[in-house]
Amino acid sequence: MATTTTMTNQRIIYQTESGGVAVIVPTGSVELALKDVPVGVPYEIVSAADIPSDRTFRNAWVIGMDGCVEHDLDQCRAIGHDKRRAARTEAFAPFDEIIAKQIPGADAAEAEAARQQIRNKYAEVQVAIDAAADPDEIKAALEATP
Amino acid sequence: MAQHDYVIANGTGAAVRSDLNGSLAAIVSNNSGATEPGTMYAYQWWPDTTTGLLKIRNAANNAWVSVGTLASANLGLLPLAGGTMTGALVVTAGTAALPGIAVSGDLNTGLFSSGADAIDIATAGTRRFGVSSAGELTVYGGNLTLNGQGDLRFADSDSSNYVAIQSPATVASNLTFTLPSVDGTNGQVLSTNGTGTLSFISNGGASNLADGTAATPSVNFSSDTDTGVFRAGANRLAFATNGASVGEFDGSDLKFNSGYGSVATAYGCRAWVNFNGTGTVAIRASGNVSSITDNGVGDYTVNFTTALVDANFAFTVGYRGVANNDTDYVPALHTGSSPSTTAARFVVNNMSTGSLADIDYVCISIFR
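Only a predicted model underlies this, so the values are computations on that prediction, with no experimental measurement involved.

1. Remarks on the overall build of chain A
Thought 1: Secondary structure summary: chain A contains 4 helices and 6 strands in total.
Thought 2: Of the regular secondary structure in chain A, the N- to C-terminal order runs β-β-β-α-β-β-β-α-α-α.
Thought 3: Looking at chain A residue by residue over its 146 residues, the buried ones come to 35%.
Thought 4: Restricting to contacts in chain A with at least 6 residues of sequence separation, those with at least 24 account for 47%.
Thought 5: Accessible area of chain A: about 8400 Å², with a carbon and sulfur share of 53%.

2. Remarks on the overall build of chain B
Thought 1: Across its full length, chain B holds 1 helix and 27 strands.
Thought 2: Within the span of chain B, comprising 368 residues, buried residues form 24% of the whole.
Thought 3: Here chain B displays about 22700 Å² of accessible surface, and carbon together with sulfur accounts for 55% of that area.

3. Structural notes on the interface of chain B and chain A
Thought 1: Listed by partner, the interface residues are 31 residues for chain B and 26 residues for chain A.
Thought 2: The contact between chain B and chain A buries some 1900 Å² in all, and 49% of this surface belongs to carbon and sulfur atoms.
Thought 3: Considering only the surface of chain B that becomes buried against chain A, T280, S290 and D294 of chain B emerge as the three largest contributors, covering 24% of it.
Thought 4: Between chain B and chain A we count 3 salt bridges in total.
Thought 5: Across the pair R55 of chain A and D294 of chain B runs a salt bridge, and its minimum N-O distance is 2.7 Å.
Thought 6: Residues of the side of chain B that touches chain A, tallied by class, amount to 12 nonpolar, 15 polar and 4 charged.
Thought 7: For strand 3 (residues 21-26) of chain A and strand 21 (residues 289-296) of chain B, the ladder comprises 4 bridges, and the chain directions are antiparallel. Across the sheet, I24 of chain A pairs through a bridge with T293 of chain B, a residue of strand 21 of chain B.

4. Side note on the packing of helix 2 (residues 73-101) of chain A against helix 3 (residues 108-131) of chain A
Residue and element names in this part refer to chain A.
Thought 1: Packing of helix 2 against helix 3 brings their axes to within 9 Å, and their N-to-C directions diverge by 175°. Accordingly, the angle class assigned to the pair helix 2 and helix 3 is roughly antiparallel. Touching R77, G80, H81, R84, A87, R88, A91, F92, F95, D96, I98 and I99 of helix 2 are A108, A111, E112, A114, R115, I118, R119, Y122, V125, Q126, I129 and D130, all from helix 3.

5. Some points on helix 1 (residues 13-28) of chain B
Think of an α-helix as 3.6 residues a turn; residues three or four steps apart then line up on the same face.
Residue and element names in this part refer to chain B.
Thought 1: Compared with the 22 Å implied by 1.5 Å per residue over 16 residues, the 23 Å span of helix 1 between its first and last C-alpha is a close match.
Thought 2: Along helix 1, the residues classified as buried are D19, S23 and A26. The arc enclosing the buried residues of helix 1, seen along the axis, measures out at 55°, which places them on a common side. For helix 1, exposure combined with an orientation more than 90 degrees from the buried face picks out G13, A14, R17 and V28.

6. What about the pattern of salt bridges?
Thought 1: All told, the structure shown has 19 salt bridges over all chains when counted by the stated rule.
Thought 2: As a salt-bridge pair, D358 of chain B and R55 of chain A come within 2.6 Å of each other at their nearest N and O atoms. Linking D358 of chain B in the loop between strand 26 (355-356) and strand 27 (362-367) with R55 of chain A in the loop between strand 4 (44-47) and strand 5 (61-63), this pair reaches from one chain into another. R55 of chain A carries the same exposure label as D358 of chain B, and that label is buried.
Thought 3: Residue R77 of chain A is joined to D74 of chain A by a salt bridge in which the shortest nitrogen-to-oxygen separation is 3.2 Å. With R77 of chain A and D74 of chain A both in helix 2, this residue pair falls 3 residues apart, about one helical turn.
Thought 4: Among the ionic contacts, a cluster of salt bridges with common partners joins R55 and R58 of chain A together with D294 and D358 of chain B.

7. Section: the pairing of strand 2 (residues 10-15) of chain A
Residue and element names in this part refer to chain A.
Thought 1: Pairing analysis gives 4 bridges linking strand 2 to strand 4, with the strands arranged antiparallel. Along strand 4, the bridge assignment pairs I12 with I45.
Thought 2: Counting the residues in the hairpin turn of strand 2 and strand 3 gives 5 residues, including G19, whose phi is positive at 95°.

Here is what the cut-offs are and how they apply
- Within every chain, residues take consecutive numbers counted from 1 along the sequence as written.
- To read the labels, note that chains go from A and ligands from 1, taken in the order they are written.
- The predicted nature of this model means local features are confined to residues of pLDDT at least 70 and side-chain atom pairs, given and counted, to a pLDDT of 80 or more, with totals for whole chains, interfaces and linings taken over all residues.
- Side-chain measures were taken over the full set of non-hydrogen atoms in the model, leaving aside hydrogen atoms and water.
- Helix and strand definitions follow DSSP, with helices as H or I runs of at least four residues and strands as E runs of at least two, each counted in order from the N terminus.
- Burial classes: relative accessible area under 20% of the type maximum marks a residue as buried, over 50% as exposed, and values in between as partly exposed (1.4 Å probe, protein chains only).
- When checking whether two residues touch, look at their non-hydrogen atoms; a contact exists if any pair is within 4.5 Å.
- Here the open area of atoms and residues is found with the Shrake-Rupley method and a 1.4 Å probe, where only the protein chains shown may cover a residue.
- The term buried area refers to how much accessible surface (probe radius 1.4 Å) is lost by two components on association, counted for both of them together.
- Definition used for salt bridges: Asp or Glu carboxyl oxygen within 4 Å of a side-chain nitrogen of Lys or Arg.
- Note that Gly is not counted as nonpolar here; it falls among the polar residues with everything else outside the nonpolar set of Ala, Val, Leu, Ile, Met, Phe, Trp, Tyr, Cys and Pro and the charged set of Asp, Glu, Lys and Arg.
- The criterion for strand pairing is that DSSP finds at least two bridges linking the strands in question.
- Here, axes are lines fitted to C-alpha atoms. For helices the fit covers the stretch in contact, and angles between N-to-C directions go from 0 to 180 degrees.
- Should an angle fall under 35 degrees it is called roughly parallel, over 145 degrees roughly antiparallel, and 65 to 115 degrees roughly perpendicular, with every other angle called oblique.
- The span one expects for a helix is its residue count, reduced by one, times 1.5 Å.
- Note that the arc is defined by the directions from the helix axis to the C-beta atoms.

This is the structure in structure tokens:
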């Protein structure tokens, strides 16, 4: 059985049934990997350099009119909001525990105040995400979250 | 020296006496003289003092026959006890049954000539060896032996160098190779049947070997005779080291002793891949994998170069965790698709978030 240690710098991309982008990474020649494209599905052979290396919004990739990988901004926002909510939930967690369990010695009022600060902060992130003009601005809004 | 006509003429007593004395003097000197006697008789001796030859008159009394040299021992003739001849010894051609030169007391063994310009040797009345007029040497009916590891040499065109074959220094018992009766085809080699009969076979062609055993493999090494290849049974090709079976191919399986004391079937890894699922997804190394398909975050399809026999394979997936992060990741088959003979889709779950995640080291192995 052959062992492959080198590969081409080319990639095969095609649109998935869900509208996303599948990227085929060949182990050898790109021609041999063409068999891995689903039968009947249009594909493009592109340079690996043309595939975004930032996978923050990987599930928002689409194939543009020019046959290259682009970002669907609405999906980027949806992903950004998912990440925002996940981060907010993580930030809420220690204060939620104080309030929910009424831990003796812990100041519930202080915890509630902290929660409000978190809400306010992520509300700003939400606005920034909705106002973002491109994925980079969405990513910047997320990364601005302490 | 004296010569006489051996006729006593009538005369006086003294004259007759003188004539008798002259004839006796001729007798005792064998008629020697510088010239031939005036009156000659058949078989008359004449030491010719001019030529130094002893001559005898022939039967017809019309010529002299030289017998020998007067000044030489034995008149210069070859003694019965042997000697050196200065001229050619010319004998009759003879036959194998009666050679021209034969051995005393064994007259059917010797040299003869079977034809013009040919010489032959006969023993017991039979020709054994001959050299023809064309220079061809032939041994008739017997064997030719070169003793003492002597060479059989084939010289080049100017006889300056030769190619030779010879016997080994020691031969335990007589060995005879019988050459093939017909030529082989281009590229064929000589092969023995084990009893000295040679034939041409194709190089790399089939060789019929004994089965052998683990202790004495059919194909082994001169320096390690209990290590090699043998036939363990019908359709079973086995390998031995140190006299013990360590692996074999049978009709369907590869079996080997992996250290547990017995030879058992080994189940192979049919495909494997090590790739980086982050950034620009890249394959580090693989086997029987034509590509991976990056379906999305933490979602990859492994595509096989050569299809598996069926989709009922087992797999393992490994990954490298994220430094300073106690998040658990669980690689698994993709829930929305089933493995096929040509591909299998895997996902990496982030158990903290419940979503899929990209991992920098993803290693997948397929066993069947």
